[in-house]
Amino acid sequence: MSTEPTNAAERSALQPRGGAGEVIVGFAVLGLFIAGTIGLLRAWRAIDPVDGAACLAASIVAFGAICYLSFRKL
C-alpha cells in the first residue's frame with residue numbers, strides 16, 4: 001500500500017521549496033540591481049551625453065532583466 005497522499009495540495013506541501021537554483025537567481029537579481037543602480041549614478045554624472053545615454057540604456061536593460069526574472073517565477 002502506498003503512503004503518498006492522494007490530495008494534490010498535500011503532495012505539493014511535501015515537496016521541498018527553494019534550492020540552489022533560487023539562490024543563484026537571487027544573487028543574479030542582486031547583481032543586476034547593483035549594476036542598474038551604478039548605471040543610473042554614472043548616467044547622472046556623465047559629462048558627454050552619449051556616455052550618459054549608454055549608461056542609462058544599460059541600467060534600463062539591467063532593471064528589465066530583474067523584471068523578467070521576477071515575473072518568470074509567477
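Every value quoted in this text rests on a predicted model; they were computed, and no experiment measured them.

Q: How should the overall build of the chain be read in this particular structure?
A: Helix and strand counts for the chain come out as 3 helices and 0 strands. Listed by position from the N terminus, the elements making up the chain come as α-α-α. Counting only residues that meet the buried cut, the chain has 15% of its 74 residues in that class. Put simply, the chain shows about 6,100 Å² of open surface, and 68% of that area lies on carbon and sulfur atoms.

Q: I would appreciate a short explanation of the confidence of the model for the chain in the present structure.
A: Where the model shows low pLDDT, its predicted coordinates should not be examined in detail. For the chain, mean pLDDT is 83; residues scoring 70 or higher make up 73% of the total. The spread of mean pLDDT over the elements of the chain runs between helix H1 (residues 8-14), the lowest at 58, and helix H3 (residues 49-73), the highest at 92.

Q: What exactly am I supposed to notice about the environment of Ile60 here?
A: Here Ile60 lies in helix H3. Separated by 24 residues in sequence, Ile60 and Gly36 have C-alpha atoms that sit 7.0 Å apart.

Q: Please explain the packing of aromatic side chains as it appears in this structure.
A: Two aromatic rings are characterised by how far apart their centres lie and by the angle between their planes. Going through the model one piece at a time under the given rule, you end up with 1 aromatic pair. Note on Phe33 and Phe63: the rings are 6.0 Å apart at their centroids and 70 degrees apart in plane angle, and the pair reads as edge-to-face. Residue Phe33 is found in helix H2 (residues 20-44), and its partner Phe63 is found in helix H3; the two are separated by 30 residues along the sequence. Given the relative accessible area of 45%, Phe33 is considered partly exposed.

Q: Looking at this structure, how should I read H2?
A: An α-helical turn contains 3.6 residues, so any two residues separated by three or four positions project in the same direction. Here H2 is 25 residues long and its end C-alpha atoms lie 36 Å apart, about the 36 Å a rise of 1.5 Å per residue gives. When H2 is considered as a whole, its buried residues turn out to be Val25, Gly36, Gly39 and Ala43.

Q: Can you help me understand a nonpolar patch on the surface in this one?
A: There is a patch of nonpolar side chains on the surface, built from Val23, Phe27, Leu30, Phe33, Ile34 and Ile38 and spanning about 600 Å² of accessible area. Along the polypeptide, Ile38 turns up in helix H2. Note on Ile38: relative accessible area 46%, which makes it partly exposed.

Rules of the game
- Residue numbers here run from 1 along each chain, matching the order of that chain's written sequence.
- Residues qualify for local features only when their pLDDT is at least 70, as the model is predicted, and side-chain atom pairs are given and counted only at 80 or more; totals for whole chains, interfaces and linings, by contrast, use all residues.
- By convention in this description, side-chain values take in all heavy atoms of the structure and omit both hydrogens and water.
- Counting from the N terminus, the helices are DSSP H or I runs at least four residues long and the strands are E runs at least two residues long.
- Note on classification: 1.4 Å probe, protein chains only; a residue is buried when its accessible area is under 20% of the maximum for its type, exposed when over 50%, partly exposed between these limits.
- Here the open area of atoms and residues is found with the Shrake-Rupley method and a 1.4 Å probe, where only the protein chains shown may cover a residue.
- Per residue, pLDDT measures the predictor's confidence, with a range of 0 to 100.
- To pair, rings of Phe, Tyr and Trp, with the six-membered ring standing in for Trp, must have centres within 6.5 Å; the planes then decide the type, stacked if under 30 degrees apart, edge-to-face if over 60, and tilted in the middle.
- How far a helix is expected to stretch is found by multiplying one less than its residue total by 1.5 Å.
- Patches here are clusters of residues that have more than 30% relative accessible area and form no salt bridge, with a 9 Å joining cutoff for like charges and a 5 Å cutoff for nonpolar side chains (Val, Leu, Ile, Met, Phe, Trp, Tyr).
- The working definition used for a salt bridge is a side-chain nitrogen of Lys or Arg within 4 Å of a carboxyl oxygen of Asp or Glu.

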